[in-house]
Each structure stands twice: as structure tokens, then as C-alpha cells.
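# Survey of secondary and tertiary structure
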Amino acid sequence: MCGDIDEETSFDDELLARLTAHAKRYNAVVSDRTTGSEAGYSGEATRSQYMSALFRDGLSQALNDAAAAPDGARTDAIACQAIVFARLAGFLAGHIPPGADMFRTVVDAMMDGHKEPSEFADKHHQAHDHEH
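Since the model is a prediction, treat every value here as computed from it, not as a measurement.

Thresholds applied
- Residues numbered from 1 in each chain as written.
- Predicted model: local features only at pLDDT ≥ 70, side-chain atom pairs only at ≥ 80, totals over all residues.
- Heavy atoms only, no water.
- Helix = DSSP H or I, 4+ residues; strand = E, 2+ residues; numbered from the N terminus.
- Buried < 20%, exposed > 50% of the residue type's maximum accessible area, 1.4 Å probe, protein only.
- Contact = heavy atoms within 4.5 Å.
- Areas by Shrake-Rupley, 256 points an atom, 1.4 Å probe, with all protein chains shown as cover.
- Salt bridge = Lys/Arg side-chain N within 4 Å of Asp/Glu carboxyl O.
- Patch = residues over 30% accessible without salt bridge, like charges linked within 9 Å, V, L, I, M, F, W, Y side chains within 5 Å.
- Phe/Tyr/Trp six-rings, centres within 6.5 Å; stacked < 30°, edge-to-face > 60°.
- Axes fitted to C-alpha atoms, helices over the stretch in contact; angles between N-to-C directions.
- Parallel < 35°, antiparallel > 145°, perpendicular 65-115°, else oblique.
- Left-handed = near helix turned anticlockwise from the far one by under 90°.
- Nonpolar A, V, L, I, M, F, W, Y, C, P; charged D, E, K, R; others polar.
- pLDDT = per-residue confidence, 0-100.

For the chain, the count of helices and strands is 4 helices and 0 strands. Each of the 132 residues in the chain was classed as buried or not, and the buried ones make up 8%. Long-range pairs, those at least 24 residues apart, make up 42% of the contacts in the chain with a sequence separation of at least 6. For the chain, the exposed surface amounts to about 11,200 Å²; the carbon and sulfur share of it is 60%.

Moving on, we get to the pattern of salt bridges. A full pass over the atoms with the stated rule returns 3 salt bridges. Note that Asp57 and Arg56 form a salt bridge whose closest N and O atoms lie 3.9 Å from each other. A relative accessible area of 40% means that Asp57 is categorised as partly exposed. The exposure class of Arg56 is partly exposed, given its relative accessible area of 48%. Across the salt bridge formed by Arg74 and Asp71, the nearest N and O atoms sit 3.0 Å from each other.

Let us look at a nonpolar patch on the surface. Together, Phe85, Leu88 and Leu92 make up a nonpolar patch on the protein surface, roughly 260 Å² of accessible area in all. Within the element layout of this structure, Leu92 appears in helix 3 (residues 74-93).

Bringing the packing of aromatic side chains into the picture now. In this structure the tally under the stated criterion is 1 aromatic pair. With 5.8 Å between their ring centres and 90° between their planes, Tyr26 and Phe91 make a pair best called edge-to-face. In this pair, Tyr26 is assigned in the loop between helix 1 (2-24) and helix 2 (44-68) and Phe91 in helix 3, connecting sequence segments 65 residues apart.

Within the element layout of this structure, Ala79 appears in helix 3. Along the chain, Ala79 and Ala66 lie 13 residues apart, while their C-alpha atoms are 9.8 Å from each other.

Another aspect to go through is the packing of helix 2 against helix 3. Interhelical geometry of helix 2 versus helix 3 gives an angle of 150° and a closest axis separation of 9 Å. When the axis of helix 2 is compared with that of helix 3, the two are roughly antiparallel. Helix-helix and strand crossings are classified by hand; for helix 2 and helix 3 the assignment is right-handed. From helix 2, Gly58, Ala62, Asp65, Ala66 and Ala67 reach across to helix 3, where they touch Arg74, Ala77, Ile78, Gln81 and Phe85. Along the lines of polarity and charge, the residues of the contact of helix 2 with helix 3 split into 6 nonpolar, 2 polar and 2 charged.

On to the confidence of the model for the chain. Counting all residues, the mean pLDDT for the chain is 85, and 83% of those residues have values of 70 or more. Per-element averaging of pLDDT across the chain places helix 1 at the bottom with 80 and helix 3 at the top with 96. Confidence over residues 1-5 falls short of pLDDT 50; this stretch has 0 contacts with residues more than four positions distant or in other chains.

Structure, rendered in C-alpha cells:
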């Protein structure tokens, strides 16, 4: 059992080292500041909370950047952000072993996210219709 833990830790360390080395090509580095904590990955509920917070933080940054874009450039800013976040998702998923089938999970998550605005609009429209 102890060997299993050492093997898993070694694998995690190797994966992070490879990701870190590849990320340096883009001037991305590990900082002293961490947003997650070890507890954030210890179970399904805490992992979900971490993922929700990371989503909210990324969305907040994107929203702030889009709002700061000049008039007439906000649509382009949002389109660029979508492309960058999709690329980032692919980049991160590409560092997970192929057996994990992260590609399908990432694509499914992207498709779910793509549907959310229209579903929200439909619900909002239906609620508005019922008020009259």
C-alpha cells in the first residue's frame, strides 16, 4: 500500500513537472500564492467547490477584461477569451494520461457551457411571459 502512495505521488510530481516545463514556454510560472488547498481535492464535494470557485474567478476576470475593452471591441474580447480558455482547457487536459479520457470530458464541459446562455435566456423569457 505504501508503495502505491509513493508511486501515485511520483506520478503526480512527474505530471506537474512536465506541465510546469511546458507552461514556462508561455511565461507561466508557479507562484507562491495558491488559490486551492490540499483539502480542496480531498473529496467530491470539496473538489466541486474548488472547481466552482475557479470557474467564478476565471469568469470574473474575463468579465472585468471585457468590460474594460473599448466600445465596439467587447464582442471581440469575449470571442478571444473563449478561444483562449478553450485552448487552456485543451492544454491542461493534454497533460493528463490518455487513459483518463479527459478530451471527452473537456468537450462535454465546453458543450454544456455553450448551452448555458441560451438555456438561461429561454428560462428568463418563459418567466417573463408568465408574469403578464
